[in-house]
2 protein chains.
Amino acid sequence: MAYEAISGGVTAAKGFRAAGLHCGIRGNSEKKDLALISSDVECTAAAVYTQNLVQGAPIAVTRQHLANGKARAILCNSGNANTCNADGEEKARKMCALIAKPLGVSPDDVIVASTGVIGQILPLEPIASHVDALADSLSPEGSHDAAEAIMTTDTVPKEVAVTLELGGKTVIIGGIAKGSGMIHPNMATMLSFLTTDAAISAPMLQKALNAAVAESFNMLSVDGDTSTNDMLCIMASGLAGNGEITEENDDFAAFTAALTQMCISLARIMAKDGEGATKLIECSVTGAPTVESARKIAKSVICSSLVKTAMFGEDANWGRILCAIGYAGEQINIHGVDVSICSKAGQLDVCKNGAGIPFSEEFAKVVLAESDIEVVVTLQDGESAARAFGCDLTYDYVKINGDYRT
Amino acid sequence: MAYEAISGGVTAAKGFRAAGLHCGIRGNSEKKDLALISSDVECTAAAVYTQNLVQGAPIAVTRQHLANGKARAILCNSGNANTCNADGEEKARKMCALIAKPLGVSPDDVIVASTGVIGQILPLEPIASHVDALADSLSPEGSHDAAEAIMTTDTVPKEVAVTLELGGKTVIIGGIAKGSGMIHPNMATMLSFLTTDAAISAPMLQKALNAAVAESFNMLSVDGDTSTNDMLCIMASGLAGNGEITEENDDFAAFTAALTQMCISLARIMAKDGEGATKLIECSVTGAPTVESARKIAKSVICSSLVKTAMFGEDANWGRILCAIGYAGEQINIHGVDVSICSKAGQLDVCKNGAGIPFSEEFAKVVLAESDIEVVVTLQDGESAARAFGCDLTYDYVKINGDYRT
């Protein structure tokens, strides 16, 4: 094992404190809605953003603030996305200025994010009246509060952290995330804030982040809708004392592998907490001609409404899996496709060489009754593999989203 | 008006008879499951098929039988898709031979189709023991029985017909269709069988059909899943007595316009009867740079799970509409987008120049309470337009598909 999971979330790494509180962005809720993550020292920083043409105002401001690869703090509200508002950028900038004062940092070093309803004017007053209290409550144990404060329809706060050795020094990477619906990242992700005490240059940090995202958040879909406010950023304090990573050496590879595994863990937690979800559905594809084709096929399966509802109904309706493979847009040999459905109860083979094979419906019920299901697709077209993360489609998804704004 | 809607469905045109009965493809149902459409004379014929890489066995056989542009009859069963079965093509060929005998036609002139569960062996015995009765019950009033016999999760049979004048002669085009889930046609469609008594050459018939499909079935989505068994075919008996259409003249244009409008009517009926749907959702896009971009944006809106659930919840959550426009993959000026939501109760303007405008939530409730909703998207990027057809996403969609196979 080159790294190990630990507790502590976004404040596990040296130099980071966090806080979360209720400021009242949404009138009718007592929920925490304002989160702050702060570094004791200047950090190198990197981020990826939504590829939606409609982008939240905070994304425009954060892009500018991260142009120099440096950051000190992250401020994020939930309950309002500050998107499609004429005054959005002005307000996002004001949020940075408001928190910069009690932190004693430059507003340009603040990363700002918002999540919630699109197209409603963001009220600044609740934020303005709470920034001092927020800064005062920063704590090395504040990860959980911050994780709670960025939640929207999430049912669980999402925190992870791992530790690894780099050049004899212990390095920590940790983070929090939110996201339950409007989850179909496209070269970016939902909201996730990561921290590390590794010493790593901004360009290398960006490169590691891109690699991690490709195998984690970009392989995740809850409902096929790419959010306008997706943002994943990472701040590196350098306090671990490792020799700074400035090129693609062994330390970079080890750091990227750990970061990737951590992002996959977060993506899994998000899929399992997808809006209304009762099951985590993973699809692994092997034997594909290219990694890109393996990714497309795996995502096609986990995005299919019919596969998702079959999983909810615990029905081994494998024809829908083959159907989704067939419309993925990849030219593979459909007569060489094997499909199995796996869970901790066992492995159920349902399709061999593109045609159905007899299986026990009783055993199928047992396999599908589990909450973590893996669809294993084996192709005969090459050596490439990929894995995608999703969830089932349930009554509660409809309920949550039929009545979200009101 | 260059054409007029009439009754009679797939047997409205001269020379066609149809029938539908229960033969027992699925053990536990009394539903009609075998349909036959027959022409008294040899017809020119054309078809489009699913672009899914996984294709039903009947599609392979029908492709071969239509290679010469001629057909006499269509045989279709519901309850079993005859797809992903090792013996699929052999059985599809057998179905053609079985019905060819009582009809006294060549098996090569039979179009065959199947719809239902994928990957279960098709039992031929129920079909073999009912082909004589089926042929005997052919009737010029048989359209409704045939429309019922091809239904799966459909809640209403789908029949349309129009009449138009070509060169002083009255021409009729009619048809039936099925489709309620796994509806996301890609250069093809679900099952639809059309007939006309127009005299038109096979190449011109194919050209007219392709044009009609581009604006109707290819702009339709219920759940984003492209079926393995999609097929739309048309048979032309020539009995109307018009001068045969063999080139792109005025008659061809008039015929294509009427055929297109009829296909749009069928697409609308299918969207409204989408699995679990309570509302028909149309999205019209104008001011787009190209027709292709208008189509992509319109489809992106009607495919969005979040737009669909908001419509089910009768919530004017227009931010989700803008979000879906934003991830459609088209480079349009997002700050020039206007959005209105319309129904027979009135027009609700919700977004102007990419930003929200104040509106009455009370009036929004009234507009959205209707069963036919149109989302009107106005861009400032050109002169092109398109329209897409979909439905809301409801508890019943989940219910129907969580328990379909069992």
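Whatever comes next refers back to the structure up there.
Residues numbered from 1 in each chain as written. Chains lettered and ligands numbered in written order. Predicted model: local features only at pLDDT ≥ 70, side-chain atom pairs only at ≥ 80, totals over all residues. Heavy atoms only, no water.

Caption draft 1: Structural context of the sheet that holds strand β15 (residues 384-391) of chain A. Residue and element names in this part refer to chain A. Taken together, six strands build an open sheet; the order of strands is β13-β12-β11-β14-β10-β15 and the sheet is mixed. Every interior strand has two partners, whereas the edge strands, β13 (355-356) and β15, have only one. Across the sheet, helix α7 (residues 250-272) lies against β10 (280-288), β14 (372-378) and β15, angled at about 40° from β15, the strand it touches most. With respect to the sheet, helix α10 (residues 318-326) is in contact with β11 (338-343), β12 (346-352), β13 and β14, its orientation differing from that of β11 by roughly 125°. (Pairing = 2+ DSSP bridges. Helix = DSSP H or I, 4+ residues; strand = E, 2+ residues; numbered from the N terminus. Contact = heavy atoms within 4.5 Å. Axes fitted to C-alpha atoms, helices over the stretch in contact; angles between N-to-C directions.)

Caption draft 2: Inspection of the environment of cysteine 351 of chain B at higher detail. Residues and elements named next belong to chain B. Inspection of the secondary structure assignment puts cysteine 351 in strand β12 (residues 346-352). When the C-alpha positions of cysteine 351 and aspartate 132 are compared, they lie 60 Å apart, and in sequence the two are 219 residues distant. Contacts of cysteine 351, omitting those with residues within four sequence positions, involve Trp318, Leu322, Val337, Asp338, Val339, Gly356 and Ile357.

Caption draft 3: Local environment of helix α9 (residues 305-312) of chain B. All names here are of chain B. Here α9 lies mainly inside the structure; seven of its eight residues are buried. For α9, the set of buried residues is Ser305, Leu306, Val307, Lys308, Thr309, Ala310 and Met311. Where α9 ends, the next residue or the one after it, glutamate 314, has phi of about 55°, a positive value. (Buried < 20%, exposed > 50% of the residue type's maximum accessible area, 1.4 Å probe, protein only.)

Caption draft 4: Summary view of the pattern of salt bridges. All names here are of chain A. A full pass over the atoms with the stated rule returns 31 salt bridges over all chains. One salt bridge in this structure joins lysine 32 and aspartate 145, with 3.7 Å as the shortest N-O distance. Taken together, the residues span a long stretch of sequence, with lysine 32 in the loop between β2 (16-21) and β3 (34-49) and aspartate 145 in helix α5 (residues 143-149) at a distance of 113 residues. Given a relative accessible area of 32%, aspartate 145 falls into the partly exposed group. Beyond isolated ion pairs, a larger network of salt bridges with shared partners links Arg268, Glu282, Glu374 and Arg387. (Salt bridge = Lys/Arg side-chain N within 4 Å of Asp/Glu carboxyl O.)

Caption draft 5: Up close: the packing of helix α6 (residues 202-215) of chain B against helix α7 (residues 250-272) of chain B. Residue and element names in this part refer to chain B. Where α6 contacts α7, the two axes come as close as 8 Å, and the packing angle between them is 40°. Here α6 is positioned oblique relative to α7, judged by the angle of their axes. By crossing handedness, the relation of α6 to α7 is classed as right-handed. Residues Met204, Leu205, Lys207, Ala208, Leu209, Ala211, Ala212 and Glu215 of α6 form the contact with α7, whose own contacting residues are Phe252, Phe255, Thr256, Leu259, Thr260, Cys263 and Ile264. Among the residues making up the contact of α6 with α7, the classes are represented as 11 nonpolar, two polar and two charged. (Parallel < 35°, antiparallel > 145°, perpendicular 65-115°, else oblique. Left-handed = near helix turned anticlockwise from the far one by under 90°. Nonpolar A, V, L, I, M, F, W, Y, C, P; charged D, E, K, R; others polar.)

Caption draft 6: Just the relation of the copies chain B and chain A, in detail. Expressed as a screw operation, the relation of chain B to chain A combines 0.0 Å of axial shift with a rotation of 180°, fitting to an RMSD of 0.0 Å. Such values leave the two copies arranged in the relation of a two-fold axis. Residue tyrosine 395 of chain B, judged by its C-alpha, is the member of chain B lying nearest the rotation axis, at 2.5 Å. In this assembly, 100% of the residues forming the interface of chain B have copies in chain A that are likewise at the interface, indicating an isologous arrangement. (Least-squares fit on C-alpha atoms with pLDDT ≥ 70 in both.)

Caption draft 7: Seen up close, the packing of aromatic side chains. For the coordinates displayed, the defined rule picks out three aromatic pairs over all chains. Between phenylalanine 312 of chain B and tyrosine 395 of chain B, the aromatic rings sit 5.4 Å apart at their centres with planes inclined by 85°, giving edge-to-face as the arrangement. Pair noted here: phenylalanine 312 of chain B is in helix α9 and tyrosine 395 of chain B is in helix α12 (residues 395-402), with a separation of 83 residues, a long-range link. Using a relative accessible area of 23% as the deciding quantity, one classes phenylalanine 312 of chain B as partly exposed. According to the relative accessible area criterion, tyrosine 395 of chain B is partly exposed, its value standing at 31%. Aromatic rings pair up to connect Phe312 and Tyr395 of chain A together with Phe312 and Tyr395 of chain B into one cluster. (Phe/Tyr/Trp six-rings, centres within 6.5 Å; stacked < 30°, edge-to-face > 60°.)

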